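# Secondary and tertiary structure notes
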Amino acid sequence: MIVGKVLDVVRAPDPVLSKPAIPVDPTDPEIVQLAADLVATMRVSPGCVGLAAPQVGVSVKVFCVDVAQHPKTRTSHGTFVLCNAEVVSASRNEKAREGCMSVPDLTGDVKRATRLVVRGQEPGTGAEVRIETDAFEARALQHEIDHCDGLLFIDRVADAHALHARKTYL
């Protein structure tokens, strides 16, 4: 088993967050290590349910998701990493609040599909993975795929009234 290293998370307006990432060879040992590093970084970040490679300064299409412990979760596929992921189908749009480690001071109301099918590749083997999900996990997947496309949630809010200062809980 590969041990992941905790990496620094970059913050907006870092240019790596606004440019589309490049596809990867999921069997490349550097990508397999990056996958482990993303999971390790997500695990030490309170409230974090997903992390994309551009958020750690690497402009490639790799991200991890784990919504299992989040109270809004209905469906969870546990911890997983996808390379070169793309949305196959999306339906039933709904607006909900989102936050992001790369935009730590704001949250925003973003409309996203609540039913989702995503296709990607598993790091290490390159095997094709197909995930059908809904609700909060669907939102998290779309958020991470956006990172790989050079988009932040703040790019998807309807207007300035849909942005909010993040509340800090003690």
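Presented here is an overview of the structure given in this document. (Residues numbered from 1 in each chain as written. Predicted model: local features only at pLDDT ≥ 70, side-chain atom pairs only at ≥ 80, totals over all residues. Heavy atoms only, no water.)

### Examining the overall build of the protein
What counts here: Under the DSSP-based scheme used, a helix requires at least four consecutive residues in state H or I and a strand at least two consecutive residues in state E, with every element numbered from the N terminus. For this measure, only C-alpha atoms enter the radius of gyration; the expected value for a globule follows 2.2 Å times N^0.38, where N is the number of residues. Only protein chains enter the accessibility calculation, which uses a 1.4 Å probe; a residue is then buried when its area is under 20% of its type maximum, exposed when over 50%, and partly exposed in between. Any two residues whose heavy atoms approach within 4.5 Å at even a single point are treated as in contact. Computed by Shrake-Rupley with a 1.4 Å probe, the accessible areas treat only the displayed protein chains as cover when residues are assessed. Neither His nor the chain ends contribute to the count of charged residues, in which Lys and Arg are positive and Asp and Glu negative. All charge positions are set by atom: Lys at NZ, Arg at CZ, Asp at CG, Glu at CD.
In terms of regular secondary structure, the protein is built from two helices and six strands. Its helices and strands taken in sequence order, the protein reads α-β-β-β-β-β-α-β from the N to the C terminus. For 170 residues, the compact-globule formula gives about 15 Å, and the C-alpha radius of gyration of the protein, at 15 Å, lands near that figure. If one aligns the C-alpha atoms of the protein with their principal axes, the spans along those axes are about 45 × 30 × 30 Å. With 170 residues in all, the protein has 48% of them scored as buried. Put simply, of all contacts in the protein between residues at least 6 apart along the chain, 68% involve residues at least 24 apart. Total accessible area on the protein is roughly 8,900 Å²; 52% of this is exposed by carbon and sulfur atoms. Counting 19 positive and 22 negative side-chain charges, the protein places the averaged centre of each group 7 Å from the other.

### Notes on the side chain of glutamate 144
The condition is simple: Take a side-chain nitrogen of Lys or Arg and a carboxyl oxygen of Asp or Glu: if they are within 4 Å of each other, that pair is a salt bridge.
One can find glutamate 144 in helix H2 (residues 135-148). Despite its burial, glutamate 144 remains without a salt bridge, the nearest opposite charge being carried by arginine 112 at 8.5 Å. Each residue touching glutamate 144, except ones within four places of it in the same chain, is listed here: Gly50, Leu51, Ala52, Gln55, Phe63, Cys64 and Val65.

### Topic: the pairing of strand S2 (residues 62-65)
Within a regular strand, side chains alternate between the sheet's two faces. Note the following rule: Each pair of strands is called paired provided DSSP finds at least two bridges between the two strands.
In S2, alternate side chains face the same way, and those of Val62 and Cys64 on one face and Phe63 and Val65 on the other are all buried. Note: strand S1 (residues 50-52) against S2, three bridges, orientation antiparallel. Across the sheet, the residue bridging to leucine 51 is cysteine 64, located in S2. Direction of pairing for S2 relative to strand S3 (residues 80-100): antiparallel, over a ladder of four bridges.

### Here's the deal with the side chain of aspartate 37
With respect to the helices, strands and loops of the structure, aspartate 37 is situated in helix H1 (residues 29-43). Apart from residues lying up to four places away in sequence, aspartate 37 is in contact with Val3, Gly4, Lys5 and Leu7.

### Digging into the pairing of S3
Of the strand pairs in this sheet, S3 and strand S4 (residues 103-121) are connected by 14 bridges, and their pairing is antiparallel. Within S4, the residue paired with glutamate 98 across the bridge is glycine 108. Two successive antiparallel strands, S3 and S4, enclose a turn made up of two residues.

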